[in-house]
Amino acid sequence: MGSHFRSYIWDPVLILSQIVLMQCIYYSFLGLWLAVVDSLVQTNRSLDQIFSYEVLGLATMQGRLSMMAFILNSLTCALGLLFFIRRGKQCLDFTITVHFFHMMGCWLYNAHLPAALSWWLVNVACMALMAVIGEYLCMRTELRAIPVNSGPKSNL
């Protein structure tokens, strides 16, 4: 009968729009971080930095900088979870969804599933960072005290 606090209503349009928004945030900020990193060392920008699994690695300077951009992107995507998802329970779901679609994009770009161990390690670390930090930030806002002041106090 009464309304429940934060009752969950199935809204597929909202969920799909949140998925699209998080993918846009992921690729926009990844591109921004890669551009910043590339400008520091004056390297050429290409889609290989985003989708090719051979670029990520500890052997080359470009690989280490690309890994740093992916990690920084996880932090900015965690802020995206805070501002647009706003539910701690859904942070892991959206994090895995974003990285799953990124894996599918890498699979299509390379014409085969990524085989480099460094690619898998970086993406698992980025998933963990994004989910944990996003959940922490969302839980902090969910656990804020709810103000109960409804009107002026009366002196009795």
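By the naming in an unreviewed UniProt entry, the chain is Protein SYS1 homolog, taken from Oncorhynchus mykiss. Among the UniProt annotations of the chain, the heading Sequence similarities (unreviewed entry) holds the following wording: "Belongs to the SYS1 family." For the chain, the Function (unreviewed entry) comment in UniProt is given as "Involved in protein trafficking. May serve as a receptor for ARFRP1."

Explain a nonpolar patch on the surface to me, please; I cannot follow it from the model alone.
Together, F29, L32, V36, L40, V41 and M61 make up a nonpolar patch on the protein surface, roughly 530 Å² of accessible area in all. The element contributing the most residues to the nonpolar patch is helix 1 (residues 12-41), with five residues. Here L32 falls in the partly exposed class, since its relative accessible area comes to 45%.

Please explain the packing of helix 3 (residues 61-85) against helix 5 (residues 117-142) as it appears in this structure.
Describing two packed helices takes the angle between their axes plus the distance from one axis to the other. Relative to each other, helix 3 and helix 5 sit at 25°, their axes nearing to 8 Å. Judged by the angle between their axes, helix 3 and helix 5 are roughly parallel. The crossing of helix 3 and helix 5 is right-handed. Across the interface between the two elements, M67, F70, I71, S74, L75, C77, A78, L79, L81 and L82 from helix 3 touch V122, C126, L129, M130, I133, G134, L137, C138 and T141 from helix 5. Partitioned by chemical class, the residues of the contact of helix 3 with helix 5 number 16 nonpolar, three polar and no charged.

Would you mind going over the packing of aromatic side chains with me for this structure?
To describe a pair of aromatic rings, you give the distance between the ring centres and the angle between the ring planes. Overall, the coordinates contain five aromatic pairs when judged by the stated rule. When the centroid spacing of 5.7 Å and the interplanar angle of 45° are considered together, the rings of Y27 and F51 count as tilted. Note that Y27 is positioned in helix 1 and F51 in helix 2 (residues 48-51), a separation of 24 residues in sequence. A residue is classified by how much of its surface remains accessible, and Y27, at 24% relative accessible area, is partly exposed. Taking the relative accessible area as the measure of exposure, F51 reaches 17% and is therefore buried.

About the thresholds
- Residues numbered from 1 in each chain as written.
- Predicted model: local features only at pLDDT ≥ 70, side-chain atom pairs only at ≥ 80, totals over all residues.
- Heavy atoms only, no water.
- UniProt positions renumbered as here; feature names shortened; annotations may be inferred.
- Patch = residues over 30% accessible without salt bridge, like charges linked within 9 Å, V, L, I, M, F, W, Y side chains within 5 Å.
- Areas by Shrake-Rupley, 256 points an atom, 1.4 Å probe, with all protein chains shown as cover.
- Salt bridge = Lys/Arg side-chain N within 4 Å of Asp/Glu carboxyl O.
- Helix = DSSP H or I, 4+ residues; strand = E, 2+ residues; numbered from the N terminus.
- Buried < 20%, exposed > 50% of the residue type's maximum accessible area, 1.4 Å probe, protein only.
- Axes fitted to C-alpha atoms, helices over the stretch in contact; angles between N-to-C directions.
- Parallel < 35°, antiparallel > 145°, perpendicular 65-115°, else oblique.
- Left-handed = near helix turned anticlockwise from the far one by under 90°.
- Contact = heavy atoms within 4.5 Å.
- Nonpolar A, V, L, I, M, F, W, Y, C, P; charged D, E, K, R; others polar.
- Phe/Tyr/Trp six-rings, centres within 6.5 Å; stacked < 30°, edge-to-face > 60°.

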